[in-house]
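Structural description and commentary
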Amino acid sequence: MRRCLLYCVLLMAALFPSCTSDGVTAPALPEGLQGGNDPDFTDTCHKNMIAIASQCVIHYAIHGTYPENLYDFHTILGSLKCPQCQSLYIYQGDQNGFSITCPLSSDPNHGCIRDGVASWAAP
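The residue numbering used here restarts from 1 in each chain and proceeds along that chain's sequence as written. Local features in this predicted model are restricted to residues of pLDDT 70 or higher, and side-chain atom pairs are both shown and tallied only at a pLDDT of 80 or more, whereas totals for entire chains, interfaces and linings draw on every residue. Remark: hydrogens and water are excluded; side-chain values derive from all non-hydrogen atoms of the structure.

**Quick word on the overall build of the protein chain**
- The helix and strand labels rest on DSSP assignments: H or I over at least four residues marks a helix, E over at least two residues marks a strand, and numbering proceeds from the N terminus. The helix and strand tally for the protein chain stands at 2 helices and 6 strands.
- Reading the protein chain from its N end, one meets helices and strands in the order α-β-β-α-β-β-β-β.
- Buried, partly exposed and exposed residues are distinguished by accessible area as a fraction of the type maximum, computed with a 1.4 Å probe on protein chains only: under 20%, between the cut-offs, and over 50%, respectively. Counting all 123 residues of the protein chain, 35% fall into the buried class.
- The contacts in the protein chain between residues at least 6 apart in sequence include a share of 45% that link residues at least 24 apart. The criterion used for residue contact is that any of the two residues' heavy atoms lie within 4.5 Å.

**Here's the deal with the packing of aromatic side chains**
- Here is the rule: rings of Phe, Tyr and Trp (six-membered ring for Trp) pair when centre to centre is within 6.5 Å. Planes less than 30 degrees apart are stacked, more than 60 are edge-to-face, and the remainder are tilted. For the structure shown, the criterion picks out 2 aromatic pairs.
- Seen in terms of ring centroids, Y66 and F98 are 5.0 Å apart; in terms of plane orientation they differ by 50 degrees. Their pairing is tilted. Here F98 lies in strand β4 (residues 98–101) and Y66 lies in the loop between α2 (41–63) and β3 (90–93), a separation of 32 residues in the sequence.
- An aromatic cluster is present here, built from Y60, Y66 and F98 joined pairwise through their rings.

**Describing a negative patch on the surface**
- Negative charge collects at one region of the surface, where E68, D72, D94 and D115 lie side by side.
- Following the sequence through the fold, D72 ends up in the loop between α2 and β3.
- For D72, a relative accessible area of 32% translates into the label partly exposed. Candidate patch residues must exceed 30% relative accessible area and have no salt bridge, after which like charges are joined if within 9 Å and Val, Leu, Ile, Met, Phe, Trp or Tyr side chains if within 5 Å. All accessible areas in this document rest on Shrake-Rupley with a 1.4 Å probe, and a residue is counted as covered only by the protein chains that are shown. Whenever Lys or Arg places a side-chain nitrogen within 4 Å of a carboxyl oxygen from Asp or Glu, that contact is recorded as a salt bridge. Positive: Lys, Arg. Negative: Asp, Glu. His and the chain ends are not part of the count. By convention, the point assigned to a charge is CZ for Arg, NZ for Lys, CD for Glu and CG for Asp.

**Comments concerning the pattern of salt bridges**
- Under the criterion given, the structure shown has 1 salt bridge.
- When the shortest N-O distance is used, the salt bridge between K47 and D43 registers 3.4 Å. In this pair, K47 and D43 both sit in helix α2, 4 residues apart, roughly one turn of the helix.
- Judged by its relative accessible area of 38%, K47 is partly exposed.
- By relative accessible area, D43 is classed as partly exposed at 31%.

**Quick notes on α2**
- Take the number of residues in a helix, subtract one, and multiply by 1.5 Å to get its expected span. An ideal rise of 1.5 Å per residue puts 33 Å on 23 residues; α2 measures up with 33 Å between its terminal C-alpha atoms.
- For α2, the set of buried residues is T44, C45, H46, N48, M49, I52, A53, S54, C56, V57, H59 and Y60.
- Looking one or two places after α2, you find G64, whose phi comes out positive at around 75 degrees.

**Brief notes about the side chain of H46**
- Its place among the elements puts H46 in helix α2.
- On the accessibility criterion, H46 (12% relative accessible area) is buried.
- One polar contact links the side chain of H46 to the main-chain carbonyl oxygen of H110, over a distance of 2.8 Å.
- Look past the residues within four positions of H46 in its chain and what remains in contact with it is H110 and W120. Counted as a polar contact is a pair of N or O atoms within 3.5 Å, where, for protein atoms, one must be capable of donating a hydrogen and the other of accepting one, and residues adjacent in sequence contribute only when both atoms are in side chains.

**Some points on the sheet that holds strand β6 (residues 117–118)**
- Ordered in space as β3-β4-β5-β6, the 4 strands form an open sheet in which the pairing is antiparallel. The sheet is open, and its two edges are formed by β3 and β6, each paired on a single side.
- Should DSSP find at least two bridges between two strands, the strands are regarded as paired. Bridge count between β4 and strand β5 (residues 112–114): 3 bridges; the pairing is antiparallel. Looking at the pairing, T101 lines up with C112 of β5.

Shown next, in the form of structure tokens:
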């Protein structure tokens, strides 16, 4: 039950930015696809990782397992990069869980998401 609740929360977090006062619009592309010019790289990187994690949850709901790699999505989410270092996210997944880690080599990096739980505090 707790796992189902977590999936629902992640899915809602992914869909919430596409809601407006006029109703629901089509989801926007993750901000990292805007060329990485965003001065707030951390926020953009977090949004990218949340978008990937949401897709992992959807994949699990459909297939009963997490994807083994991000290329299984066959979408642009599989090629998202950290806007600061321009490297692909580090992903590990199997039947029981997944993790998405920012590839930024400087310390501290932008964090990670493990099994749907982000390492950073919510805004």
